[in-house]
Amino acid sequence: MSAKRTMRAAMFHGPKNVVLEDTEIPLINDDEILVKVKAATTCGTDRKLYLRPGKKYPSYFKPPTIFGHEIAGEIYEIGKNVSGYEVGQPVFVHDSGPCLKCFYCKIGRHSLCENITWNWGTWTEYLRVPKEIIQCGNMVPFDTKKLSFAEAALTEPLSCVLMGVERSNIGLGDTVVINGAGPIGLFWTNLVRNKGAKIIQVDIKQDRLDLAKKLGADIVLNAKDEQDIIQAVKDHTDEGRGADIAVEAIGYPETWETTIKMARKGGLVNLFGGPPPTSSISINTSLLHYNELTIIGVFHTTPRYVQAAINLLANRKINTDIFITEHLKLDELDKILDNLVNQKGIKTAIIP
Ligand SMILES: [Zn+2]
Ligand SMILES: [Zn+2]
């Protein structure tokens with residue numbers, strides 16, 4: 001390998017400070033793989049990081065660092081100790097890999113892994129894939145006859161929503177309220193529709209509610225037009241009793257609180273959207289006790305759901321054309337960031 005190799009990368013220096021730079025192509029060791037990025041997709045998490053004031057980032061995100069975390073590409077170079085892969089093979093690469101050794105990995109709760117390896121930095125030309133992601137199966141080969149690279153990159157957010165849906169015990173004929181119709185809320189719509197439940201979707205942006213309708217939401221409610229959104233949701237449930245399952249897919253403490261009040265007695269509340277780490281909510285004790293609510297939190301995903309998500313995509317069970325609204329070159333960074341910040345479209349596919 002030649003000593004000096006460079007690539008273009010969107011480098012994150014701080015809030016609202018992401019610039020195109022030349023940087024060195026990562027070197028891999030004998031246990032790693034180098035992937036040539038063919039598509040990276042934008043995500044609400046990127047938006048939060050881009051806009052977040054101050055310097056509070058997750059421990060694995062240390063500026064300056066290459067931005068982005070959703071990606072599919074082609075294997076470019078394979079470490080000596082890695083077998084079972086070929087150069088040129090199309091792969092989805094997840095943004096993390098559990099250790100498979102800690103207590104939580106052993107009990108199957110990989111999203112709670114004590115030593116999870118994160119691997120961000122996809123808005124560029126090449127990505128180093130660490131051993132932990134390869135060995136747990138979070139780098140998944142796929143067939144380009146069934147999926148485009150941009151579609152395969154959707155595996156990351158879809159795998160998170162898939163775990164959220166599976167933990168919610170949704171039955172045929174249930175009524176599910178989904179608060180939020182951004183990319184994550186809309187993945188919920190797509191999957192809950194596949195489950196045969198009635199969907200009430202709530203947002204404050206009409207264009208997103210229109211997409212929810214296209215994806216199969218039965219009732220869409222614009223919270224801006226409703227005096228009492230909790231009552232409005234209940235009015236669309238049988239006998240006005242509330243939703244069997246109430247989901248929050250935004251990540252605001254205030255909507256966590258309203259979501260809890262939308263569930264029927266004995267219902268399940270899935271607080272799925274991730275609010276800022278230091279925030280808290282208050283819950284009426286009778287609601288929790290006498291109404292016997294089940295309130296769950298679901299974070300991230302596991303290798304099992306990564307595999308299931310790419311299967312769903314390859315089997316065409318996800319309306320990918322609704323989720324990928326624009327394809328842009330990495331050089332068009334200003335436009336990519338404008339789409340991200342101003343929530344134009346749902347997801348932009350970045351093609352280096
Ligand atoms: Zn994401
Ligand atoms: Zn672990």
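Predicted model, so just to flag it, every value in this text is computed and none were measured.

Caption draft 1: Local environment of the overall build of the protein chain. The helix and strand tally for the protein chain stands at 13 helices and 18 strands. Against the compact-globule benchmark of 20 Å for 352 residues, the protein chain has a radius of gyration of 21 Å, which places it among compact chains. Seen through its C-alpha atoms, the protein chain measures out along the principal axes to roughly 70 × 45 × 40 Å. Within the protein chain, buried positions represent 52% of all 352 residues. Taking the contacts inside the protein chain whose residues are at least 6 apart along the sequence as the reference set, 66% of them involve residues at least 24 apart. Of the accessible surface of the protein chain, which amounts to about 16100 Å², a share of 48% is contributed by carbon and sulfur atoms. For the protein chain, the distance from the average position of its 41 positive side-chain charges to the average position of its 41 negative side-chain charges is 2 Å.

Caption draft 2: Just the domain arrangement of the protein chain, in detail. As assigned here, the protein chain comprises domain 1 (6-157 + 301-351) and domain 2 (168-297). Between the C-alpha centres of domain 1 and domain 2 there is a distance of 28 Å. With 14 residues of domain 1 at the interface, the matching set in domain 2 holds 14 residues. Interface area lost by domain 1 to domain 2 is led by I322, F323 and I346, which between them contribute 39%. Our count for the contact surface shared by domain 1 and domain 2 stands at zero salt bridges. Run the count over domain 1 and domain 2 and you get six residue pairs in polar contact (both at pLDDT 80 or more). Its residues placed into classes, the side of domain 1 that touches domain 2 shows seven nonpolar, four polar and three charged.

Caption draft 3: View of the coordination of the zinc ion (ligand 2). Here the zinc ion (ligand 2) is held by C99 (SG), C102 (SG), C105 (SG) and C113 (SG), and the distances to it run 2.3 to 2.4 Å. Between the four donor atoms coordinating the zinc ion (ligand 2), the angles at the centre fall across 101 to 116°, so the site counts as tetrahedral. Expressed as a motif, the donor residue spacing for the zinc ion (ligand 2) is C-x2-C-x2-C-x7-C. Just as C102 is buried, C105 falls in that class too.

Caption draft 4: Main features of the packing of helix α5 (residues 155-166) against helix α11 (residues 303-314). Following both chains from N to C, one finds α5 and α11 inclined at 110°, their axes separated by 8 Å at the closest point. As far as their axial angle goes, α11 and α5 are roughly perpendicular. For the pair formed by α5 and α11, the contact residues are T155, L158, S159, L162, M163 and E166 on the first element and Y305, V306, A308, A309, I310, L312 and L313 on the second. Of the residues contributing to the contact of α5 with α11, the split by class is ten nonpolar, two polar and one charged.

Caption draft 5: Up close: the coordination of the zinc ion (ligand 1). Taken together, C43 (SG), H69 (NE2), E70 (OE) and E156 (OE) make up the protein donors of the zinc ion (ligand 1), found 2.1 to 2.4 Å from the metal. Every donor counted, the four donor atoms about the zinc ion (ligand 1) form angles of 84 to 164° at the centre, which fits irregular coordination. Site description for the zinc ion (ligand 1): donor spacing in sequence, C-x25-H-E-x85-E. Both residues of the pair, H69 and E70, belong to the buried class.

Caption draft 6: Spotlight on the packing of aromatic side chains. As enumerated under the stated definition, the model contains 13 aromatic pairs in all. Both rings, one in F12 and one in F67, keep their centres 5.2 Å apart while their planes meet at 20°; by these two values the pair is stacked. Taken together, the residues span a long stretch of sequence, with F12 in strand β1 (residues 6-14) and F67 in the loop between β4 (65-66) and β5 (70-78) at a distance of 55 residues. For the pair F12 and F67, one class covers both residues: buried.

Caption draft 7: Quick peek at the pattern of salt bridges. Counted by the stated rule, this structure contains eleven salt bridges. For the salt bridge of E77 with R5, the shortest nitrogen-to-oxygen distance reads 3.8 Å. One end of the pair, E77, is in strand β5; the other, R5, is in the segment before β1, with 72 residues separating them in the sequence. By relative accessible area, which is 12% here, R5 ends up buried.

Caption draft 8: Seen up close, the nonpolar core. Core analysis: the largest hydrophobic core is formed by 50 residues, its most contacted members being W188 and F323. Two domains each donate at least three residues to this core, and these are domain 1 (6-157 + 301-351) and domain 2 (168-297). With sequence-adjacent residues up to four places away left out, F323 is seen in contact with L154, P183, L186, F187, N190, L215, I318, I346 and K347. Among the nonpolar cores identified, the runner-up in size contains 31 residues, and F12, I33, F61 and V129 belong to it.

Caption draft 9: Structural view of the side chain of T175. Of note, T175 is situated in strand β11 (residues 175-179). By relative accessible area, which is 7% here, T175 ends up buried. Aside from chain neighbours lying at most four places away, what touches T175 is K198, I200, T237, A243, D244 and I245.

Cut-offs applied
- Residues numbered from 1 in each chain as written.
- Chains lettered and ligands numbered in written order.
- Predicted model: local features only at pLDDT ≥ 70, side-chain atom pairs only at ≥ 80, totals over all residues.
- Heavy atoms only, no water.
- Helix = DSSP H or I, 4+ residues; strand = E, 2+ residues; numbered from the N terminus.
- Rg over C-alpha atoms; globule rule 2.2 N^0.38 Å.
- Buried < 20%, exposed > 50% of the residue type's maximum accessible area, 1.4 Å probe, protein only.
- Contact = heavy atoms within 4.5 Å.
- Areas by Shrake-Rupley, 256 points an atom, 1.4 Å probe, with all protein chains shown as cover.
- Lys, Arg positive; Asp, Glu negative; His and termini not counted.
- Charge placed at Lys NZ, Arg CZ, Asp CG, Glu CD.
- Domains from an automatic or database assignment.
- Buried area = accessible area lost by both parts, 1.4 Å probe.
- Salt bridge = Lys/Arg side-chain N within 4 Å of Asp/Glu carboxyl O.
- Polar contact = N/O pair within 3.5 Å; in protein donor to acceptor, adjacent residues only side chain to side chain.
- Nonpolar A, V, L, I, M, F, W, Y, C, P; charged D, E, K, R; others polar.
- Donors = N, O, S within 2.8 Å, 3.2 Å for Na, K, Ca; no water.
- Tetrahedral: all angles 85-135°; square planar, octahedral: opposite > 155°, others 65-115°.
- Axes fitted to C-alpha atoms, helices over the stretch in contact; angles between N-to-C directions.
- Parallel < 35°, antiparallel > 145°, perpendicular 65-115°, else oblique.
- Phe/Tyr/Trp six-rings, centres within 6.5 Å; stacked < 30°, edge-to-face > 60°.
- Core = buried A, V, L, I, M, F, W, Y, C linked by side-chain atoms within 4.5 Å.

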